[in-house]
Every structure is written in C-alpha cells, then in structure tokens.
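Summary of structural features
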Amino acid sequence: MSPEALGLTMIALLVVAIMIGFPTAFTLMALGIVFGFMGIGFVVFDLVVQRTFFVMQNDVLVAIPLFLFMGYIIERAGILDELFHAVQVMFGWVPGSLAVATLATGTIFATATGIVGASVTLLGLLAFPAMLKAGYNKQFAAGAVTASGTLGILIPPSVLLILYGFVAGVSVPRLYAGAFFPGFMLSALYFGYIIIRAGMNPKIAPRIPAELREHLTPGQMAFLILRGFVPIVSLILFVLGAIFFGFATASEGAALGALGGLLLAAGHRRLSFGMLRESVFLTIRTAAMVGWLLVGSSIFAAVFARLGGAQIIGDFIFGLKLSPEIFFWVAQVLIFLLGWPLEWTEITIIFMPLFLPLLAEFRKNYPDNLSTDPFFFGIMAALNQQTSFLSPPVAMSAYYLKGVAGKLITLNQIFSGMYPFMAIQVVAMGVLWLFPQLAYFLPTLVYGSSGR
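Okay, so let's go over this structure. (Residues numbered from 1 in each chain as written. Predicted model: local features only at pLDDT ≥ 70, side-chain atom pairs only at ≥ 80, totals over all residues. Heavy atoms only, no water.)

1. Quick look at the side chain of Ser 279
Relative to the helices and strands, Ser 279 resides in helix H14 (residues 273–306). Since its relative accessible area comes to 0%, Ser 279 is described here as buried. When sequence neighbours within four positions are dropped, the list of residues in contact with Ser 279 reads Phe 69, Tyr 72, Ile 73 and Arg 76. (Helix = DSSP H or I, 4+ residues; strand = E, 2+ residues; numbered from the N terminus. Buried < 20%, exposed > 50% of the residue type's maximum accessible area, 1.4 Å probe, protein only. Contact = heavy atoms within 4.5 Å.)

2. So, the packing of aromatic side chains
Overall, the coordinates contain 26 aromatic pairs when judged by the stated rule. Seen from their ring centres, Phe 37 and Phe 42 are 5.1 Å apart, and the 90° between their planes marks the pair as edge-to-face. Geometrically, the ring pair formed by Trp 329 and Trp 433 is edge-to-face, given 5.3 Å between the ring centres and 70° between the ring planes. A residue pair is termed long-range when its members are at least 10 positions apart, and Trp 329 in helix H16 (residues 324–338) and Trp 433 in helix H20 (residues 411–434) qualify at 104 residues. Look at Trp 329 and you get partly exposed, because its relative accessible area is 27%. Among the aromatic residues, ring-to-ring pairing joins Phe 328, Trp 329, Phe 375, Phe 376, Phe 377, Trp 433 and Tyr 440 into one connected group. The residue whose ring lies beneath Arg 51 is Phe 54, and the NZ or CZ to ring-centre distance is 4.6 Å. (Phe/Tyr/Trp six-rings, centres within 6.5 Å; stacked < 30°, edge-to-face > 60°. Lys NZ or Arg CZ within 6 Å of the ring centre and 35° of its normal.)

3. Thoughts on H16
Look at H16: 21 Å from first C-alpha to last across 15 residues, which is about the 21 Å you get at 1.5 Å a residue. Within H16, burial applies to Pro 324, Phe 327, Phe 328, Ala 331, Gln 332, Ile 335 and Leu 338. Projection of H16 onto a plane perpendicular to its axis shows the buried side chains occupying an angular sector of 135°, all on one side. (Expected span 1.5 Å × (residues − 1). Arc of directions from axis to C-beta.)

4. Let's talk about a nonpolar patch on the surface
Judged by side-chain polarity, Ile 326, Val 330, Val 333, Leu 334 and Leu 337 come together as a nonpolar surface patch covering roughly 400 Å² of accessible area. Note that Leu 334 resides in helix H16. By relative accessible area, which is 38% here, Leu 334 ends up partly exposed. (Patch = residues over 30% accessible without salt bridge, like charges linked within 9 Å, V, L, I, M, F, W, Y side chains within 5 Å. Areas by Shrake-Rupley, 256 points an atom, 1.4 Å probe, with all protein chains shown as cover. Salt bridge = Lys/Arg side-chain N within 4 Å of Asp/Glu carboxyl O.)

5. So, the packing of H14 against helix H17 (residues 344–365)
Contact geometry of H14 with H17 gives a least axis separation of 10 Å together with a crossing angle of 20°. In terms of orientation, H14 lies roughly parallel with respect to H17. For the crossing formed where H14 meets H17, the hand is right-handed. Contacts between H14 and H17 involve Leu 293, Leu 294, Ser 297 and Phe 304 from the former and Thr 345, Ile 349 and Leu 354 from the latter. Its residues assigned to classes, the contact of H14 with H17 comprises 5 nonpolar, 2 polar and no charged. (Axes fitted to C-alpha atoms, helices over the stretch in contact; angles between N-to-C directions. Parallel < 35°, antiparallel > 145°, perpendicular 65-115°, else oblique. Left-handed = near helix turned anticlockwise from the far one by under 90°. Nonpolar A, V, L, I, M, F, W, Y, C, P; charged D, E, K, R; others polar.)

Pasting the structure below:
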C-alpha cells in the first residue's frame, strides 16, 4: 500500500473508531504510530517525541487548566445561585422572565468559565425546575437552559479559542477580542427570540403573578445586586480587560482569574479544603483529557502529512476550482455536519488541521479576501460549533440536562426545544458574515490592523 493510501486509510479508520466509541486521544496516537511505522519506519518514533514536546512547550496552553480551575471554584462555591437570584429579581417584569434570567445568568457565567457541562448542569438544577413550577412549556424551558449553557465555548475566556489559536497559530488575545461581540450578538438573538415568543404565546412562558413576585426594598435590591451580580462581573471584566489591553497574556490573565475565583469563594465564606480539592481534581481530569487530545492529534497530523494524505486532499480541493468564498462555506458546512456526531474538541483538534493548510493556500492567492483570513475563519467556526452541543445524537447539553432533570422531561422533548436555538445559531453566522466588523472592531481598536 502506498504512503498516500495509508494516510487516507488512517482518516477512514479514525472516523469509524470515533463512531464506535474508542477514546479519541489514544485512537489518534495508536493510528499515528501504527500507520507511521508502516509508511516511514522507525522515524515515526522520533516524530512522536518531537510532536509531544512541541505541545508540552506551548505557553498558551497553560491558560486552559487555570481558566478551568476558575470556573470550577466559582461553580463549587455556589456563586451562580446568588447570580441567578439577583438576575431573576432584576428581570421579573419581562415576558418569559425566568427564561430571560436563565439566559442572562448563562451569558454571565460563560464569561467566567468555558465549562459547558457545569453551566448546563447548574442551570438545569437552578432554573429548569423553577420554570416548570411556573407553568413553562417543557421544550421551551429545556431550549433556554441548553442554549444558555453552551455560550461558554464562544464567549471569552473560551477554551475552544485557546485550542484554535494553538492549532492555527493565531493570537489568543486577538481571538478573545474578536469573539466578544459575536458571542454577545448570539446571546442578544436568544434574548429576542425568548421575549418575542413569550410575548406572542404567553401559555409557553406564563408571567409570574405580581403577588408571587419577590418584592424587595431599594436597599435589599441594591444589596442583592452588590452581592450576587457585581463581584463576578467585576472579576470577568478585570480578567478580560487585562488580556485585551495587553497588561497580561492569556495565561497570566487565567492565573488572575483563578486567584479571583478563590477570593470570591472566600468572600462568600464558602472556601473549604474539600471544595478546593474537588476543584483541583476536576481541573486536572479535564485538562489532562485536553492535553492527551492535543498530543494525539499532533502526532496523527504529523504522520498524515508525512504520508502525503494532506497533499491528496489539497490537490482534490484545488482541482475543483472553488472560489475562496465557496471553500469557506463548504468548510463551515462540514464543521456543522461534524457537530452532529462529534464534540467540539474532536472537530477543533482533528479536523481543523485539515482545513487550515487549504485555507493558507487560498490566502496566498487571495491575501485580502475575508474568506481566507484564519482569524475570521476561527471566529465563524467557534460560532458554528455551538451547534455541536445542540445537535443530536451527540448533543451533550441535552444529556447534561437530562442527567439532572431525570423523569421531568424526555430526551426527545429536550431535542425538540433545542432546534429553534440551532436555527438562531445559523442566523447568527449569516449576520457575522454580513457584518464582519462584529469580529474585527474590537481587535482592530485594541491591537491595530488585523492584516487582512
């Protein structure tokens, strides 16, 4: 078998192994080593060592466990409970107020952590029962919870953007700045959908009767906002501001966030050794999973390139004589479709390295074209990959909510509630394409021209 055929066989076996359920990281390493040995001999072991050290020596990746630790500390300290309470009181007058409060809480929590599982789980525990008790439609409530919880993979500090920056060689602070407005634009579209639908059909989101609303004096309201809303928002603004304006790198900003999370937990008198130990354990487990994925994908990609598989794919794509715009959208459609069976980590780490060399070739011929800018491609792909959490069969947000809701709702009802929000995500991609300054304005303002 020729080296090129070995490379294409690697890709086919990888897809089959992932579908069967083999651990992705070790599947990548095993396929890379076995097929590399078959194609290039003992040189593959030198390649394995080089790629492993390349991943380990990347300073940007230090931000991942630190941001994860910040999120787990905030989650375990129960700070989200007070945030939801404060936001619920603030938005009590809006149609669909509980769903709006859920989305507002999810948006704020997304800027504190990129841990989607934690966000959906906590919102499922806090907001979902409250919405059902208030008479909300189950599907509508489930859609609000799952969509709100997924915003963390787009809104900074997003782990996805750190991984994309590593894979694509794009500045992570610039990506953070670029994702800021698109992330909040998506959240605003969710807000609009919830308020309009609740206003047009009050049966799916009944207003809370005035006599049942929580009535607070101005002083009590101010105290609630100061305790539940201001501290976490201040921490978020401090961390992101330090990164955006160059006072700290992404890793240093993550360290500030981790320290801030500890101070918040201590300020709420909820910092304990048991909570700290549990947060450290969860951080190590998640960061180790991401680390092994990066090592495995780096080995796989290097072997795939050495065998000539990337060249075959490149020749095939360029043989189609696609314009850069068509290639851009073909890649985005593929990312969207991959989101149905795969998670965002697998898409970013395994398949992005296949798209990016082709994008670079288009960039040589069309250097000023929006479609060939890896920065804009990454922001659009991050927005696109929101769908990987809401698209069955591997819609992890649905399983997170089902895990805490139990018999209150079926998986099919959760899926049904998520589809309108998936449609909104597609609309958001169209809005970003039509108004790319949503992605470019803040990075250009802070860092100067993007080099488009």
